[in-house]
Amino acid sequence: MLDYAVGICGVWISGGFFLDAWAHGHVPVENFFTPYHAVFYSGMLALAVVLAAYALQSRARGYSWTNAFPRAYRLALLGIPIFALGGLGDMLWHRFLGIEEGVDALLSPTHQILGLGIFFLSSGPIRSVLADRAYSITLGRQLPLALGLATWLILAHFGTAYAFDPAAGRGNAPPPIVPFTPEYLTALGIGYYKVATGVLIVIFQSTLIAGFALWLVARMHPCPGMLTILLLVGNIPAAAAFTNETPLLAITIAQSLITGVLADAFIARYDPHPAFGATRALRTFAIAVPMTYIGIYLVGTFLSERIWWDWNVALGSWIWSGVCGFALSFLVLARRTA
């Protein structure tokens, strides 16, 4: 139950970060005490209550304070003072330096300290399940690990939210490039910049999604549904916060659901766990996951609002998503054979 409680609280708190980020861009935020801050701070309060209750229960069973928590949680508990320090710093930062807006809110040092605290705390259920992986063979037992990894994915998206959407939809198209006009060079520069930024975001998102998927299959034999839960829970908060009346949320749900279901089916059929002498399944998995994820984004964007990228950029970036996964597979296999 401790693994479940900590896993749920981690998603609660990290999802609250995106609610606060949405508020910074959509409603007036003039002080530290807002309903949006209350969401993730209440999650932290709930987590503190869970940990305190568990510690008291352990004491009642005769354990010392130093052994009140399982070994897997001893490093995770560092997240409590880190989060408390970040919360105090965030209040003082807002008081003396003002309220962050836009990308500033993502890069704020105090927000990053808060994220680091949740990163440590959510490692508890991950380490707990991995420590007992020989007996963690059901979805019910593995689910806390999926929630912990989803929290990490949410935090990664929060810190890099400016690199979440490749912006290939027609609504994000640069000004038309018309030769022999005063705006020609400006439009040309903006077009190159937006294409380059979009392709880099594809590469980054491909690496991120493939990295989480490969990390999971390299360390255990995940049950069917694990990748689907991880991607849905880990990706939806970012899309919900920044959809802004675009199809981004629906497309992200489709990306996460279809990629997750197909990845889970692949795992059940071929088991890409990197055993010695059996690497083909892992390499195929490493390529297929990001190419499916990015492919659904491109198809979904094309069907919903058309794509302003030409076919060279769209197909080329899609191929690069597979290259990213393939490159990561070498790191996984190198670790297994070192």
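To be clear, the structure that these remarks concern was listed above.
Residues numbered from 1 in each chain as written. Predicted model: local features only at pLDDT ≥ 70, side-chain atom pairs only at ≥ 80, totals over all residues. Heavy atoms only, no water.

Peer 1: Please explain the overall build of the chain as it appears in this structure.
Peer 2: Scanning the chain from N- to C-terminus turns up 11 helices and 0 strands. Its helices and strands in sequence order give the chain the pattern α-α-α-α-α-α-α-α-α-α-α, from N to C terminus. Taken over C-alpha atoms, the radius of gyration comes to 22 Å for the chain, in line with the 20 Å a tight globule of 338 residues would show. Over its C-alpha atoms, taken along the principal directions, the chain stretches across nearly 80 × 60 × 35 Å. The proportion of buried residues among the 338 residues of the chain is 46%. Nonlocal contacts in the chain, meaning residues at least 24 apart in sequence, comprise 77% of its contacts between residues at least 6 apart. Working note: accessible area of the chain is about 16400 Å², and carbon and sulfur atoms make up 70% of it. When the 17 basic and 15 acidic side-chain charges of the chain are each reduced to a single mean position, those positions are 19 Å apart. (Helix = DSSP H or I, 4+ residues; strand = E, 2+ residues; numbered from the N terminus. Rg over C-alpha atoms; globule rule 2.2 N^0.38 Å. Buried < 20%, exposed > 50% of the residue type's maximum accessible area, 1.4 Å probe, protein only. Contact = heavy atoms within 4.5 Å. Areas by Shrake-Rupley, 256 points an atom, 1.4 Å probe, with all protein chains shown as cover. Lys, Arg positive; Asp, Glu negative; His and termini not counted. Charge placed at Lys NZ, Arg CZ, Asp CG, Glu CD.)

Peer 1: How should the nonpolar core be read in this particular structure?
Peer 2: It is characteristic of soluble globular proteins that their nonpolar side chains tend to be buried jointly. Leu145, Leu149, Leu214, Phe285 and Trp309 are the most contacted members of the largest nonpolar core, which totals 46 residues. Mapped by element, the contributors of at least two residues to this core are α5 (109-131), α6 (139-159), α7 (184-219), α8 (226-242), α9 (248-270), α10 (280-305) and α11 (311-337). The dominant element in this core, judged by the number of residues it contributes, is α7, at 10 residues. Formed by 30 residues, the second largest nonpolar core is a distinct cluster that contains Phe18, Ile118, Ala161 and Leu248. (Core = buried A, V, L, I, M, F, W, Y, C linked by side-chain atoms within 4.5 Å.)

Peer 1: Sorry, what's going on with the packing of aromatic side chains here?
Peer 2: Two aromatic rings, taken as a pair, are described by how far apart their centres are and by the angle between their planes. Tallying each qualifying case throughout the model produces 7 aromatic pairs. Consider the rings of Phe326 and Phe330, whose centres lie 5.0 Å apart with planes at 90 degrees: the pair is edge-to-face. One end of the pair, Phe326, and the other, Phe330, are both in helix α11, 4 residues apart, so they sit about a helical turn from each other. Of the residues examined, Phe326 reaches a relative accessible area of 34% and is grouped as partly exposed. (Phe/Tyr/Trp six-rings, centres within 6.5 Å; stacked < 30°, edge-to-face > 60°.)

Peer 1: Just to check I follow, could you spell out the packing of α9 against α10 for this structure?
Peer 2: A pair of packed helices is captured by two measures, namely the crossing angle of their axes and the spacing between those axes. Relative orientation of the contacting elements α9 and α10 amounts to 155 degrees, with a least axis distance of 9 Å. It follows from the interaxial angle that α9 and α10 lie roughly antiparallel. Between α9 and α10 lies a crossing of right-handed hand. Touching Ile251, Ala254, Gln255, Ser256, Ile258, Thr259, Leu262, Ala263, Phe266, Ile267 and Tyr270 of α9 are Ala281, Thr284, Phe285, Val289, Thr292, Tyr293, Ile294, Ile296, Tyr297, Gly300, Thr301 and Ser304, all from α10. (Axes fitted to C-alpha atoms, helices over the stretch in contact; angles between N-to-C directions. Parallel < 35°, antiparallel > 145°, perpendicular 65-115°, else oblique. Left-handed = near helix turned anticlockwise from the far one by under 90°.)

Peer 1: Where do I start with the environment of Ile201 in this structure?
Peer 2: Looking at the secondary structure, you find Ile201 in helix α7. When its relative accessible area of 6% is taken as the criterion, Ile201 is described as buried. Along the chain, Ile201 and Phe164 lie 37 residues apart, while their C-alpha atoms are 6.7 Å from each other. If we ignore the near neighbours within four places in the chain, the residues touching Ile201 are Tyr162, Ala163, Phe164, Asp165 and Pro166.

Peer 1: What should I look at first to understand the side chain of Thr228 in this one?
Peer 2: Secondary-structure assignment places Thr228 in helix α8. Looking at Thr228, its side chain comes within polar contact range of the main-chain oxygen of Gly260, at 3.1 Å. In terms of polar contacts, Thr228 uses its side chain to reach the side chain of Asp264, at 2.6 Å. Among all residues touching Thr228, those that are not within four sequence positions of it are Leu257, Gly260, Val261 and Asp264. (Polar contact = N/O pair within 3.5 Å; in protein donor to acceptor, adjacent residues only side chain to side chain.)

Peer 1: Looking at this model, I keep getting lost on a nonpolar patch on the surface. Mind explaining?
Peer 2: Taken together, the side chains of Val299, Phe302, Leu303, Trp311, Leu315, Trp318, Ile319, Trp320 and Val323 make up a nonpolar region of the molecular surface, amounting to roughly 950 Å² of accessible area. Within the residue set of the nonpolar patch, elements represented by two or more residues are α10 and α11. For Trp320, the position within the fold is in helix α11. (Patch = residues over 30% accessible without salt bridge, like charges linked within 9 Å, V, L, I, M, F, W, Y side chains within 5 Å. Salt bridge = Lys/Arg side-chain N within 4 Å of Asp/Glu carboxyl O.)

Peer 1: What is the right way to read the side chain of His157 from this model?
Peer 2: Relative to the helices and strands, His157 is located in helix α6. Reaching out from His157, the side chain makes a polar contact with the side chain of Asn235 at a distance of 2.7 Å. Beyond its immediate chain neighbours, meaning those up to four positions away, His157 contacts Phe18, Phe164, Gln205, Leu208, Gly234, Asn235 and Ala238.

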